[in-house]
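# Architecture and fold: a report
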Amino acid sequence: MLVFFTPRERREPRSIGTGLTWRLFSAMAILTVIACRDSRRVDAATLQHTPNGLQLRVTILGRSTDPRIAPAREAIAHWSGEFVRLGRRVQLDSGTIRDKSVSDDVLSAAGGEVMLGIGPATSRLRSSLSSVPGDIIIALSDTDLISFGVTWSAGSKGVVVVRRADIPPLSMPNTVRNVVAHELGHALGLSHNADSTTLMCGRPASCRPAAFASESAHFFPLTASDEEWIRKRWP
Ligand SMILES: [Zn+2]
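Let me begin by describing the structure that accompanies this report. (Residues numbered from 1 in each chain as written. Predicted model: local features only at pLDDT ≥ 70, side-chain atom pairs only at ≥ 80, totals over all residues.)

### Here we look at the packing of helix H4 (residues 104-111) against helix H5 (residues 120-128)
Any two packed helices are characterised by how steeply their axes cross, that is the angle between the axes, and by the distance between the axes. In the contact formed by H4 and H5, the axes pass within 8 Å of each other and the chain directions differ by 135 degrees. Judged by the inter-axis angle, H4 sits oblique to H5. For the pair H4 and H5, the crossing hand works out as left-handed. Contacts between H4 and H5 involve Val106, Leu107, Ala109 and Ala110 on the former and, on the latter, Ala121, Thr122, Arg124, Leu125 and Ser128. Along the lines of polarity and charge, the residues of the contact of H4 with H5 split into 6 nonpolar, 2 polar and 1 charged. (Axes fitted to C-alpha atoms, helices over the stretch in contact; angles between N-to-C directions. Helix = DSSP H or I, 4+ residues; strand = E, 2+ residues; numbered from the N terminus. Parallel < 35°, antiparallel > 145°, perpendicular 65-115°, else oblique. Left-handed = near helix turned anticlockwise from the far one by under 90°. Contact = placed C-beta atoms within 7 Å. Nonpolar A, V, L, I, M, F, W, Y, C, P; charged D, E, K, R; others polar.)

### Topic: the packing of helix H3 (residues 69-85) against helix H6 (residues 175-187)
Direction vectors running N to C along H3 and H6 enclose 45 degrees, while the axes themselves pass 8 Å from each other. Classed by the angle they form, the pair H3 and H6 counts as oblique. In this structure, the crossing between H3 and H6 has a hand that is right-handed. Between H3, through Pro71, Ala72, Glu74, Ala75, His78 and Trp79, and H6, the contact on the second element is made entirely by Val176, Arg177, Val180, Ala181 and Leu184. Here the residues of the contact of H3 with H6 are counted per class, giving 8 nonpolar, 1 polar and 2 charged.

### Observations regarding the pairing of strand S2 (residues 53-56)
Two elements, strand S1 (residues 48-50) and S2, share 3 bridges in a ladder whose sense is antiparallel. Pairing of His49 across the sheet is with Leu54, part of S2. Linking S1 to S2, which pair antiparallel, is a turn of 2 residues. Summarising the sheet, S2 and strand S4 (residues 90-92) pair through 3 bridges and their orientation is parallel. (Pairing = 2+ DSSP bridges.)

Pasting the structure below:
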């Protein structure tokens, strides 16, 4: 996620407890999550083994004519390249397109819990994707929600949600590929930093998707800390 919550994100429905109870719990849990980020190495046995090595299967939910599919696939390929560059054996496949949509209310509500990565709305999102094949699901939304990523773990799909791109900021050149790459970074376990020249800049820094805008197609880089994280986390 790259930008601050808007009023829309503050209105997510709650399925358990009161809104106040959940917000207090969330605030405490966010601090806990930030302090205790899971840095354990991914067990290779939990990944798909193919003749080409370990694989994360990606499914893109959207229309086959969606202009975001090409830059999303560039972002997927970019991450496979980063894994190679960092000496990892795991690869992402090229991404299978499925013409299925997820309710915008479900997506928006889960976006409101993204700093935490867990909560009733995230559970609803995961539940709605349980029948979709793949390890990482990229959902192309047609609404103004804030793009976000949910971290993959063994037995629990990673999710990337991308907002509509027919209006700014994602209609600006070079933004979609970097927003998808950024959210894939979250799906792979990376957190935000405050360096606006890098891929994972985000809250609480003031980075916005528009910062990726460029007439030249290129991906923003990882930090040395991101690279160290990927080396530790992924086989
Ligand atoms: Zn982010």
